[in-house]
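Descriptive structure summary
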Amino acid sequence: MSLLIDDSDGVRTFTLNRPESFNSFTVALKEGLLAALHEAAQDPAVRAVVITGAGKAFCAGQDLKEHISLLEQGDPMPLETVRRHYNPMVRAVTGMPKPVIAAVNGMAAGAGASLAYACDLRIAAESAKFLMAFANVGLTADSGASWTLPRLIGYGRAMELMLLAQPITAPEAKEIGMVNRVVPDGEALSAAQELAARLAAGPTTAYAMLKEAMLTAAGADLEAALETEGRTQAEAGQTTDHREAVEAFVAKRKPTFTGR
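To keep things clear, this report deals only with the structure shown in the data block. The structure displayed is predicted, hence computed values, not measured ones. (Residues numbered from 1 in each chain as written. Predicted model: local features only at pLDDT ≥ 70, side-chain atom pairs only at ≥ 80, totals over all residues. Heavy atoms only, no water.)

1. So, unusual backbone geometry
A positive phi is found at asparagine 23, a non-glycine position, where the angle reads about 60 degrees. One can find asparagine 23 in the loop between β2 (11-16) and α1 (27-42). Asparagine 23 sits in the buried class, given a relative accessible area of 0%. Positioned with a positive phi, alanine 165 is a non-glycine residue whose angle comes to about 50 degrees. Note on placement: alanine 165 falls in the loop between α6 (155-164) and β9 (168-169). (Helix = DSSP H or I, 4+ residues; strand = E, 2+ residues; numbered from the N terminus. Buried < 20%, exposed > 50% of the residue type's maximum accessible area, 1.4 Å probe, protein only.)

Printed below as a string of structure tokens:
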């Protein structure tokens, strides 16, 4: 299986499972992950998501061996994969109505790095590296990196990483805001799952609305952002979780959230 799925404490973990190929994306893996993301979005039992890789890498991006083979066969798939797979994948992650955490256990390159950037939070192992490798193979950015990366680290730094295609270490990534936390090697997944479990026990409906507001504001003017905030805040104010939180505050007890 090129994609492993595990459920625990309301957290669904997706493990890209092609370690011999550094978890690079084949057509099968892209389609499997995309379908799994859509399923997780609709499953009320899933309250947070973690994405990681098996072995020494998070994801090396596109599987170039398959890519070249399909090109030589005249198969149109390589030229359609951005619109057919990568773009929907990024939409599924950013539009997921629950938190998504990338546990970057090793190298994240190309579309693999872009997948991590699209997640809500990123936890990286000490030895992990990020590489915008597109220019090295004569390609431009895809998988949302031209949009997500500048919003994480700024236009100038993002352009440098895109043009020079040089790897950046996890500590460097933390320093410039690319990742949220750096942990010892071998602990990225457990740290991500622990954080995801904490979020899964929280007001997940509010998290979904928060993601919507942040995503809108990232590409809208102030008025559009204020309108989205006003609408989502009114909706959040009607949830059971909000009432529970207020009652718990008054009673000086810990709230119990249900995601409703």
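Moving on, there is more to tell.
2. Quick look at the sheet that holds strand β8 (residues 129-131)
With mixed pairing, the four strands of this open sheet are ordered in space as β4-β6-β8-β9. Among the strands making up the open sheet, the edge pair consists of β4 (57-59) and β9. Sheet topology note: the strand β6 (residues 107-109)/β8 ladder contains two bridges and is parallel. From the neighbouring strand, alanine 109 faces β8, where its bridge partner is leucine 131. Where helix α4 (residues 111-118) meets the sheet, its contacts fall on β4, β6 and β8, and the angle it forms with β6 comes to roughly 95 degrees. (Pairing = 2+ DSSP bridges. Contact = heavy atoms within 4.5 Å. Axes fitted to C-alpha atoms, helices over the stretch in contact; angles between N-to-C directions.)

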